[in-house]
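So you can see what is in the structure, the chains are spelled out below.
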Amino acid sequence: MDEEDSSYRWETEYERTWETIQEDDSGSLKAVGGDGEEGRRRRHKAKERIRLGMMRHLFLVIDLSSAMEEKDLRPSRLSCTLKVVENFILEFFDQNPISQLGVIVTRSSKAEKVTDLGGNPRQHVSKLKEMASCRGEPSLQNAMEMAMQSLKHVPSHASREILIVMGSLTTCDPGDILVTCESLTAHQIQCSIIGLAAEVHLCKKICENTKGQYSVILDESHYKELLMQHVTPPPAMASAEASLIRMGFPHHHSTASPSYSMGYVHFSF
């Protein structure tokens, strides 16, 4: 008998079995999956017809502090996050083919840029996996400042977004983070945060001031659902510039004298 079969039920990983049971109309209990028909209908409910932005510039900030080593998500917060984020990056470029994405990680009270804004999803995923080690405390302010330095130069007709996956309940910052929040608002940068632990008032205030979304996950399936909500482009800003792009086309000119084509440039007699 192997070790797995000999272990007791209470020695295995923590599992929320009651969340997979639902009562039907007749009062009977039935098992449901996280991606059931009702969940799909809820996610794809009809929305008001609004104009969405086509070009997006998004920085994905991943918390790699010691809090990501917790095992409330199986097998750990870090492993679950890497898997969910990989699917998000691939889906992001599938739905937003002309957009750009960059990755920043925060740990040891610092921010590190993994990849700059670009359109290669495989590069983002591979570089993130290379730096996937947890230590110290996160710094929201340093991460937002680093993202803002790149996003503030983006043309105004494209969206400027920051999406933060936050596992820690604390942040170690060098200054007043609310000043950084005001700078994000001044540069029309939208900041959204997904919390893995509990609701934090500071994170909620940052999202409210920058017109972003703040959410806290319930389980792994809810984690995937919240992250995939950011695949859809945000509504285009009413103040966004709408300018025409000048296009050039070659003109045909006929002359009386014969002319040489490019094929005769290297012709020798």
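Residues numbered from 1 in each chain as written. Predicted model: local features only at pLDDT ≥ 70, side-chain atom pairs only at ≥ 80, totals over all residues. Heavy atoms only, no water.

Enquirer: How would you sum up the overall build of the protein? Please name residues and give values.
Expert: Counting its regular elements, the protein contains eight helices and eight strands. A burial count over the protein gives 35% of its 269 residues as buried. Intrachain contacts of the protein at a sequence separation of at least 6 include 71% that bridge at least 24 residues. Working note: accessible area of the protein is about 17,300 Å², and carbon and sulfur atoms make up 52% of it. (Helix = DSSP H or I, 4+ residues; strand = E, 2+ residues; numbered from the N terminus. Buried < 20%, exposed > 50% of the residue type's maximum accessible area, 1.4 Å probe, protein only. Contact = heavy atoms within 4.5 Å. Areas by Shrake-Rupley, 256 points an atom, 1.4 Å probe, with all protein chains shown as cover.)

Enquirer: How would you summarise the nonpolar core if you had to cite specific residues and measurements?
Expert: Note on soluble globular proteins: their nonpolar side chains tend to be buried together. Ranked by size, the top nonpolar core spans 30 residues in total, and within it Leu60, Ile62, Phe88, Ile89, Leu101, Tyr223 and Leu227 carry the most contacts. Those elements giving two or more residues to this core turn out to be strand 3 (56-63), helix 3 (77-95), strand 4 (100-107), helix 4 (121-130), strand 6 (159-166) and helix 8 (220-228). Examining the composition of this core, we find that eight residues originate from one element, helix 3, more than from any other. Sequence-distant contacts of Phe88, that is, excluding residues within four places in its chain, are made with Leu58, Leu60, Leu101, Leu163, Leu227, Met228, His230 and Val231. In terms of nonpolar packing, the next biggest core, distinct from the first, is built from 26 residues, Ile104, Leu140, Ala158 and Ile189 among them. (Core = buried A, V, L, I, M, F, W, Y, C linked by side-chain atoms within 4.5 Å.)

Enquirer: Please provide a residue-by-residue account of the pairing of strand 6, values included.
Expert: Burial within strand 6 is extensive, with eight of its eight residues counted as buried. Residues of strand 6 alternate between two faces, with Ser159, Glu161, Leu163 and Val165 on one and Arg160, Ile162, Ile164 and Met166 on the opposite face, all of them buried. Across seven bridges, the pairing between strand 3 and strand 6 is parallel. Each bridged residue has a counterpart across the sheet, and for Phe59 the counterpart in strand 6 is Ile162. (Pairing = 2+ DSSP bridges.)

Enquirer: Help me get a handle on the sheet that holds strand 3, residues and values and all.
Expert: Read from one edge of the open sheet, six strands run 5-4-3-6-7-8, paired in mixed fashion. Whereas interior strands pair on both sides, the edge strands pair on one side only; in this sheet they are strand 5 (110-118) and strand 8 (214-216). With strand direction ignored, the average angle separating the axes of adjacent strands in the sheet is 15°. The strands touched by helix 3 within the sheet are strand 3, strand 4, strand 5 and strand 6, with strand 3 carrying the most contacts at an inclination of about 175°. Sitting on the sheet, helix 7 (residues 201-209) touches strand 7 (190-195) and strand 8, and the angle it makes with strand 7 is about 150°. (Axes fitted to C-alpha atoms, helices over the stretch in contact; angles between N-to-C directions.)

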